[in-house]
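The chain contents come next:
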Amino acid sequence: MTTTAPAFPTHPFPPDFVWGVATSSFQIEGATNKDGRGDSIWDSFCRLPGVIADGSDGSIACDHYHRLDEDLDLIAGLGVNAYRFSVSWPRVQPSGSGAWNEAGLAFYERLVDGLLARGIKPYLTLNHWDLPAALQTSGGWANRDTVHRFVDYAIGLNARLGDRVASIATHNEPWVVAFLGHESGIFAPGIKDRAVAAQVSHHLLLSHGLALQALRAQGCKASLGIVLNLAPVQAATTSAEDIEQAHLEDGRLLRWYMDPLFKGGYPQDVLDFLGEDGPRIEAGDMQQIALPMDFLGINYYSRSVVSAAGPWDAKTSGLELTEMGWEIYPEGLTQLLLRLHQDYAVPPLYITENGGAFKDSLVDGVVKDDDRTDYIAAHIAAVGAAMRQGVPMCGYMVWSLLDNFEWASGYEKRFGIVHVDYATQTRTPKDSAVWYRAFLRAQQLAHAPLNVALTEV
Ligand code: GCO
């Protein structure tokens, strides 16, 4: 840990580089019963005993629904030129099909218009995990019909917002929805069934492709893509068993999503591993999934180390860990980006999430989170390193704007660059936010015409 703020990464990012902060609906909005919103699977999941570390839920969260204007000013105050957020499907279409909820649509319209009024580009995500609970009663993502419900939702939302958002991502991290939601079951909807998880992953990808086609048919001008959580997967040792296990894990985490999106088929080794648990695929599905995208979003937090003997203990690696127990490994981001660029014909890439949970303390109105600032600075530098080697990067977004509901960890883990006092809902920019703002200002000045730069300095 450093005691002074790290120097700004020196890579010359282009003037049109997208710099943002990211959030998601369920993690910040609260107001889960307000103005006609329906339940999401995360509302139902949080009611199960023992699934959320601190027994909390999303009913209040950061109360963003009621504090929209204040939060928009906060975002603008950071000097970012983009904000990534997600729409809560059950807020705009409470039962996931049929009737739309005007109050919910109006909220996102205010959000998008408020961003544009402040000169900030809206980056919208359609599905950041909060599926309408009503759809789960008929099988949720395991049911092929949900694919068509999602396409209708995408079309309906595009009709209201598509003319004003810079970008639409269909899904956030389909691996998490499929694997954590349906195989390990630690996330909503809490199912533990490998075959169901495989089917869910296929339906998510299919719905992505069908939504892309439908939005384009509607003349949507926003740039369209998907957001994946990816990591370099490394074997814990050089033993043949560990290397084999790491290859399979790479297949399940990365190639299972990248191959169908960019090469038109699932990786054979993972299909072999799944055997009878593999997904049912209908004729035409794979062509649909592989439609060209305008961008790919990557969420990067750490590497994944795999040992055939069982779960790898990150504490043994000697690397510093975040509060999540994740290794701080910025060079992994450069490695990952180079590998994607080399193995796939990737479109322009964004880092759509990157950040860390650290033990923060608010003292006299200040949060000295040098560890988080170091993390962000090192990862921005890692993006620059990839760009120097030819990777087509066009944006970077910090996860997250605010401390928020960190899923199964509840409110115990804080990822924000802005501190939230949950008792009073007071927002306090942490030192990392101050650093990010100064870094973005320096970027701006570096590109400003000389006379502007001189007046500003
Ligand atoms: C994610 C999620 C975020 C998490 C973050 C930290 O995409 O995994 O988008 O919702 O909060 O990743 O775990």
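Overview of the structure.

### Comments concerning the pairing of strand β9 (residues 349-353)
- A large share of β9 lies buried, amounting to five of its five residues.
- Direction of pairing for β9 relative to strand β12 (residues 393-399): parallel, over a ladder of three bridges. The residue of β12 that forms the bridge with Leu-349 is Met-393.

### Side note on the sheet that holds strand β7 (residues 295-299)
- The strand order β1-β2-β3-β4-β5-β7-β9-β12 describes a closed barrel built from eight strands, whose pairing is parallel. Averaged over all pairs of adjacent strands, the angle between their axes in this sheet comes to 25°, without regard to strand direction.
- Each of β2 (82-86) and β3 (121-127) touches helix α5 (residues 102-117); the most contacted strand, β2, lies at about 170° to it.

### So, helix α14 (residues 370-388)
- For α14, which comprises 19 residues, the first-to-last C-alpha distance of 27 Å matches the rise-based estimate of 27 Å (1.5 Å per residue) to within 8%.
- Of all 19 residues making up α14, 16 are buried, and the element is well covered by its neighbours.
- Downstream of α14 by one or two residues, Gly-390 has phi in the positive range, about 95°.

### With respect to the pattern of salt bridges
- Enumeration over the complete set of coordinates arrives at 31 salt bridges.
- Here Glu-353 and Arg-84 are joined by a salt bridge, their closest N and O atoms 2.9 Å apart. Taken as a pair, Glu-353 in strand β9 and Arg-84 in strand β2 lie far apart in primary sequence, 269 residues in all.
- The exposure class assigned to Glu-353 is buried, which follows from its relative accessible area of 4%.
- Overall, Arg-84 belongs to the buried group, its relative accessible area being 2%.
- We note a salt bridge from Asp-403 to Arg-414, for which the minimum N-O separation is 2.5 Å.

### Things to note about the environment of Lys-192
- You can see Lys-192 is positioned in the loop between α8 (174-182) and α9 (194-217).
- The residues touching Lys-192, leaving out its near neighbours within four places in the chain, are His-182, Glu-183, Ser-184 and Gly-185.

### So, the packing of aromatic side chains
- If you walk through the whole model with that rule in mind, you get 37 aromatic pairs.
- A ring pair is formed by Trp-89 and Tyr-153, whose centres lie 4.5 Å apart and whose planes are at 5°; its orientation type is stacked. Residue Trp-89 is found in helix α4 (residues 89-92), and its partner Tyr-153 is found in helix α7 (residues 144-161); the two are separated by 64 residues along the sequence.
- Trp-89 gets classed as buried once you look at its relative accessible area, which sits at 2%.
- A relative accessible area of 0% places Tyr-153 in the buried class.

### Some thoughts on the site of the ligand
- In the neighbourhood of the ligand, 13 residues make up the surrounding shell, with Gln-27, His-128, Glu-173, Glu-353 and Glu-406 lying closest.
- In the environment of the ligand, an oxygen atom lies 2.7 Å from a nitrogen or oxygen atom belonging to the side chain of His-128.
- Within the side chain of Trp-407, an N or O atom sits 2.8 Å from an oxygen atom of the ligand.
- In the complex, the protein chains occlude 94% of the 310 Å² of accessible area that the ligand would expose alone.

### Looking at unusual backbone geometry
- Of the consecutive residues Ala-188 and Pro-189, the connecting peptide bond is found in the cis state with omega at 5°.
- A cis amide bond links Trp-399 to the next residue, Ser-400, at an omega of 15°.
- Its identity is not glycine, yet Ala-31 carries a phi of approximately 50°, on the positive side.
- Residue classification places Ala-31 among the buried positions, given a relative accessible area of 8%.
- With a phi close to 45°, Ala-61 is a non-glycine residue in the positive phi region.
- Along the chain, the position of Ala-61 falls in the loop between α2 (41-46) and α3 (68-77).

The rules behind the values
Residues numbered from 1 in each chain as written. Predicted model: local features only at pLDDT ≥ 70, side-chain atom pairs only at ≥ 80, totals over all residues. Heavy atoms only, no water. Buried < 20%, exposed > 50% of the residue type's maximum accessible area, 1.4 Å probe, protein only. Helix = DSSP H or I, 4+ residues; strand = E, 2+ residues; numbered from the N terminus. Pairing = 2+ DSSP bridges. Axes fitted to C-alpha atoms, helices over the stretch in contact; angles between N-to-C directions. Contact = heavy atoms within 4.5 Å. Expected span 1.5 Å × (residues − 1). Salt bridge = Lys/Arg side-chain N within 4 Å of Asp/Glu carboxyl O. Phe/Tyr/Trp six-rings, centres within 6.5 Å; stacked < 30°, edge-to-face > 60°. Near = heavy atom within 4 Å. Polar contact = N/O pair within 3.5 Å; in protein donor to acceptor, adjacent residues only side chain to side chain. Areas by Shrake-Rupley, 256 points an atom, 1.4 Å probe, with all protein chains shown as cover.

Shape descriptors only; they carry no functional weight alone.
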